[in-house]
Amino acid sequence: MSINPNFVAPCGLYCGVCAIHIAGRDNNEKFKERLVNLYKGNVDGKGTLPNSDHLTTADIKCGGCLSDDPFMHCSQCEIRRCTKTKGIAGCHECDDFPCSHIDNFPMAVGKKVILRAIPYWREVVTEKWIRDEEARYICPECGNKLFRGVLKCNQCKTRLDLD
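Residues numbered from 1 in each chain as written. Predicted model: local features only at pLDDT ≥ 70, side-chain atom pairs only at ≥ 80, totals over all residues. Heavy atoms only, no water.

**Digging into empty space enclosed by the protein**
Overall, the coordinates contain one cavity of 30 Å³ or more when judged by the stated rule. Of the volumes computed, that of the largest cavity is approximately 70 Å³. The wall of the largest cavity is formed by Ile79, Cys82, Thr83, Lys86, Ile88, Cys91, Cys94, Asp96, Phe97, Cys99, His101 and Ile102. Elements with a minimum of two residues in the lining of the largest cavity: helix 4 (78-86) and helix 5 (100-103). (1 Å grid on protein atoms, 1.4 Å probe; cavity = no way out; pocket = protein on both sides within 12 Å on 5 of 7 lines; lining within 4 Å. Points joined across faces, edges and corners; volume = space filled by probe spheres on them. Helix = DSSP H or I, 4+ residues; strand = E, 2+ residues; numbered from the N terminus.)

Given below as structure tokens:
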């Protein structure tokens, strides 16, 4: 299995199944618009993600959390900054997990996945953790590849709870 090192996000949100990465990779404008609306929040004029007030579909792209071209949220992420400062590969190597960075994570699905993924990553080697994250996001009914946070398969319309 070939691993893209840029996708091994320190927080445990494996980038290979990230909606931002997939929408940008596929240049899916409809999907990008949905993500802009999600991340901007559109409630009381404040973004769901920090500094997302002016987010546009052009911003929906990411080469991976550890790449030179991360999504704007990933580039300002406190978890990413913390692991760099501590000189560790990720939260799975940190004795302080879970910490205030996890407690204050701005996206509920992301926080849920982090709290699931990091303990598992601690138990297994990185390659197995990645294989299992990729396998988790495949529709059990039709085999369609999915993304983290999906509630319904876009092919067979099966309702899902994968996170």
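**Structural notes on the packing of helix 6 (residues 108-123) against helix 7 (residues 126-136)**
At a minimum axis distance of 10 Å, the contact between helix 6 and helix 7 shows a crossing angle of 145°. Taken as a pair, helix 6 and helix 7 cross one another with a handedness that is right-handed. Of the residues in helix 7, those in contact with Val113, Arg116, Ala117, Tyr120 and Trp121 of helix 6 are Thr126, Lys128, Trp129, Asp132, Glu133 and Arg136. Of the residues contributing to the contact of helix 6 with helix 7, the split by class is five nonpolar, one polar and five charged. (Axes fitted to C-alpha atoms, helices over the stretch in contact; angles between N-to-C directions. Left-handed = near helix turned anticlockwise from the far one by under 90°. Contact = heavy atoms within 4.5 Å. Nonpolar A, V, L, I, M, F, W, Y, C, P; charged D, E, K, R; others polar.)

**With respect to the packing of helix 1 (residues 19-26) against helix 2 (residues 29-40)**
Each pair of packed helices gets described by two things: the angle between the helix axes and the distance between those axes. Relative orientation of the contacting elements helix 1 and helix 2 amounts to 150°, with a least axis distance of 9 Å. On the basis of their axis angle, the class for helix 1 and helix 2 is roughly antiparallel. In the packing of helix 1 onto helix 2, the handedness of the crossing is left-handed. In contact with Ala19, Ile20, Ile22, Ala23 and Gly24 of helix 1, helix 2 contributes Phe31, Lys32, Leu35 and Tyr39. Residue classes in the contact of helix 1 with helix 2 are distributed as seven nonpolar, one polar and one charged. (Parallel < 35°, antiparallel > 145°, perpendicular 65-115°, else oblique.)

**With respect to the nonpolar core**
Counting 47 residues, the largest nonpolar core has Phe71 and Ile114 as the members making the most contacts within it. Elements with a minimum of two residues in this core: helix 1, helix 2, helix 6 and helix 7. Looking at which element gives the most residues to this core, the answer is helix 6, with five residues. Contact partners of Ile114, with chain neighbours within four places excluded, come to Cys11, Leu13, Ile79, Phe97, Ile102, Phe105 and Pro119. (Core = buried A, V, L, I, M, F, W, Y, C linked by side-chain atoms within 4.5 Å. Buried < 20%, exposed > 50% of the residue type's maximum accessible area, 1.4 Å probe, protein only.)

**Concerning the pattern of salt bridges**
A side chain of one charge can pair with a side chain of the opposite charge if their charged atoms are brought near each other. Applying the stated criterion across every chain, the model contains eight salt bridges. With its nearest N and O atoms 2.8 Å apart, the salt bridge here joins Asp26 to Arg25. (Salt bridge = Lys/Arg side-chain N within 4 Å of Asp/Glu carboxyl O.)

Structural measurements only, silent on function.
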